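# Survey of secondary and tertiary structure
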Amino acid sequence: MNTKLSVNINKVALIRNSRGGNLPDIIQVAKDCETFGAQGITVHPRPDERHIRYADVPTLKKIVTTEFNIEGNPTPDFLKLVLDARPHQCTLVPDAPGALTSDQGWDTIKHKDFLTDIISQLQEVGIRVSIFVDAAERFVEGAKKVNADRIEFYTGHYAHEFLSNPAKAVEAHARCAKLANEIGIGINAGHDLNLQNLKYYKDHVPDLLEVSIGHALICDALYYGLQNTIQLYLRQLN
Ligand code: PXP
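Residues numbered from 1 in each chain as written. Predicted model: local features only at pLDDT ≥ 70, side-chain atom pairs only at ≥ 80, totals over all residues. Heavy atoms only, no water.

### Quick look at the sheet that holds strand β5 (residues 128-133)
Note the cut-off: Two strands are counted as paired when DSSP detects at least two bridges linking them. Runs of H or I in DSSP of at least four residues are treated as helices and runs of E of at least two as strands, each being numbered from the N terminus. Helix axes are fitted to C-alpha atoms over the stretch in contact, other axes to C-alpha atoms as well, and angles between N-to-C directions run from 0 to 180 degrees. The contact definition used throughout considers only heavy atoms, calling two residues in contact when any of these lie within 4.5 Å.
In space, the 8 strands of this closed barrel follow the order β1-β2-β3-β4-β5-β6-β7-β8, with parallel pairing throughout. Each neighbouring strand pair of the sheet contributes to a mean axis angle of 25°, computed without reference to strand direction. Summarising the sheet, strand β1 (residues 4-8) and strand β2 (residues 40-43) pair through 3 bridges and their orientation is parallel. Counted as the bridge partner of V7 is I41 from β2. Relative to strand β3 (residues 67-72), helix α3 (residues 56-63) is tilted by about 155°, and along the sheet it contacts β2 and β3. Along the sheet face, helix α11 (residues 226-237) touches β1 and β8 (208-213) and points at about 145° away from the line of β1.

### Examining the site of the ligand
So the rule is basically this: Any residue with a non-hydrogen atom lying within 4 Å of a molecule or strand is treated as near it. We call two N or O atoms a polar contact when they sit within 3.5 Å, provided that within protein one can donate a hydrogen and the other can accept it, with sequence-adjacent residues counted only if both atoms are side-chain atoms. Note on areas: Shrake-Rupley, 1.4 Å probe, and residue coverage restricted to the protein chains presented here. Cavity and pocket criteria rest on a 1 Å grid covering protein atoms alone: a 1.4 Å probe that fits but cannot get out defines a cavity, protein on both sides within 12 Å along at least 5 of 7 lines defines an open pocket, and an atom within 4 Å of a point defines a lining residue. Molecules are considered to sit inside a cavity or pocket once more than half of their atoms lie within 2 Å of its grid points. Each residue gets one label: Ala, Val, Leu, Ile, Met, Phe, Trp, Tyr, Cys and Pro are nonpolar, Asp, Glu, Lys and Arg are charged, and the others, such as Gly, are polar.
Near the ligand there are 15 residues, and of these S102, E152, D192, G214 and H215 occur at the shortest range. H44 is positioned such that a nitrogen or oxygen atom in its side chain is 3.2 Å from an oxygen atom of the ligand. A distance of 2.8 Å is found between an oxygen atom of the ligand and a backbone nitrogen or oxygen belonging to G214. The fraction of the free accessible surface of the ligand (400 Å²) that becomes covered by protein chains is 95%. Mapping the ligand onto the cavity grids shows that it belongs to the largest pocket. Of the residues belonging to the shell around the ligand, the class tally is 3 nonpolar, 8 polar and 4 charged.

### Some points on the pattern of salt bridges
How we decide: Any Lys or Arg side-chain nitrogen found within 4 Å of a carboxyl oxygen on Asp or Glu counts as a salt bridge. The classification of residues rests on relative accessible area computed with a 1.4 Å probe and restricted to protein chains. Under 20% of the type maximum is buried, over 50% is exposed, and intermediate values are partly exposed.
Under the counting rule described, the total for this entry stands at 12 salt bridges. Between R50 and D48 there is a salt bridge, with the nearest N and O atoms lying 3.0 Å from each other. A residue is classified by how much of its surface remains accessible, and R50, at 24% relative accessible area, is partly exposed. Classification of D48 by relative accessible area gives partly exposed; the value is 44%. Here the salt bridges share partners, and the residues they tie into one network are E67, R128, R150 and E210.

### A word on the environment of F162
Inspection of the secondary structure puts F162 in helix α7 (residues 156-162). Separated by 101 residues in sequence, F162 and K61 have C-alpha atoms that sit 35 Å apart. Excluding its chain neighbours within four sequence positions, the residues that come into contact with F162 are A169, Q196, N197 and Y200.

### Overview of the pairing of β2
Side chains G40 and T42 project from β2 onto one buried face, and the interleaved I41 and V43 project onto a second face that is buried too. With 4 bridges connecting them, β2 and β3 associate as parallel partners. Its bridge partner being in β3, I41 is matched across the sheet by F68.

### Structural notes on the side chain of T108
Within the fold, T108 resides in the loop between β4 (89-92) and α5 (112-124). The exposure class of T108 is buried, given its relative accessible area of 1%.

### Details of the packing of helix α2 (residues 26-35) against α3
Stated precisely, the cut-off is as follows: Note: crossing handedness is left-handed where the near helix turns anticlockwise from the far helix by less than a right angle, and right-handed where it turns clockwise.
The N-to-C vectors of α2 and α3 enclose an angle of 30°; their axes lie 10 Å apart at closest approach. You can see that α2 and α3 cross each other, and the crossing is right-handed. Taking contact as the criterion, the partners of I26, I27, A30, K31 and E34 in α2 are, on α3, D56, T59, L60 and I63. Broken down by class, the residue content of the contact of α2 with α3 amounts to 5 nonpolar, 1 polar and 3 charged.

### Quick look at the layout of surface pockets
Basically, it comes down to this: Grid points are joined across faces, edges and corners, and a volume is the space filled by probe spheres set on the points.
The volume enclosed by the largest pocket comes to roughly 510 Å³. Around the largest pocket sit 24 residues that line it, and N8, K11, T101, H191 and H215 are the ones nearest its centre. When contributions to the lining of the largest pocket are tallied by element, the ones reaching two or more residues are α1 (10-17), β8 and α10 (215-224). The dominant element in the lining of the largest pocket, judged by the number of residues it contributes, is α1, at 3 residues. Taken together, the residues of the lining of the largest pocket sort by class into 7 nonpolar, 11 polar and 6 charged. Its boundaries defined by the atoms lining it, the second largest pocket holds a volume of some 210 Å³. Secondary structure elements with two or more residues in the lining of the second largest pocket: α1 and α10. Broken down by element, the lining of the second largest pocket gets its largest block of residues, 5 residues, from α10. Counted by class, the lining of the second largest pocket contains 9 nonpolar, 1 polar and 1 charged residues.

Shown next as C-alpha cells:
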C-alpha cells in the first residue's frame, strides 16, 4: 500500500521568523512541496509561535490542495484555530508549552475523558482526528476507546534505537500496528524519521497510512534541494 508523505513545514517558518520578513515564503513552499510530490502539508503551531504562527493557518488552509494536517496540544486557543480552519486532519499531541519538540505520546487511559471530549468536538465538524501515542498496546486500545480515527506513533525512540538495533527498535511498533489494524484504527507515524530509517519502518509496520516529516527532510533539502529530497523520501515509501 502507498504511504502518504506529509511534509511538516515548521522548520521553514523558523527560518522566516528569524529575520522578521517573509523569506522564505511558507505559502509558496507549501505549494512547491505539493508540486514536488508531497501528499500532505503539516503544521504544528505552538503557543510561542516560534515557527508556524496562528495567522499562517487560514492562508495555508486556502492553498493546500492535498491533505492539510494541523498538530498540537489542544489548548482552548489551538482548538479554536483548528475548528475555524477545518483541516482534513488534526493530530493531538501532549507537548508542554515550552517543549523543544514533542517527545512522548498521550496516556490515553489517564486522559480518556479529556480526549473523548476534544475528539468529538473535532469530528462533529468533519475533521479526522489522530492522536500521538507511544507504541504500547494499552495506549492503542485506549485510543480506540476515545474514538480516535487514527493514531500517530511517536517514532523518536525508534529512530534512536535504529542506529544500534533496527529489529528491536521496530518490534513494538510492528506489534502495536497489528493490534491497531485488528481493532480498526488507522496508523500514522512521525518524529525523527529520515532517509536512513524510513524504509525499514515502512517495511515492518503494516498498513502505515501516513508519515509526517519535518526536521530531517528540511535539512536534507539544504544539500539535495526540496524537489529531489521529496522524491527521495517518496522512494523510501513506495
Ligand atoms: N509528528 C509530531 C506529532 C510532531 O510533533 C513532529 C515534530 O513537530 C513530527 C511528527 C515531525 O518530526 P520531525 O520534525 O522530527 O520529522
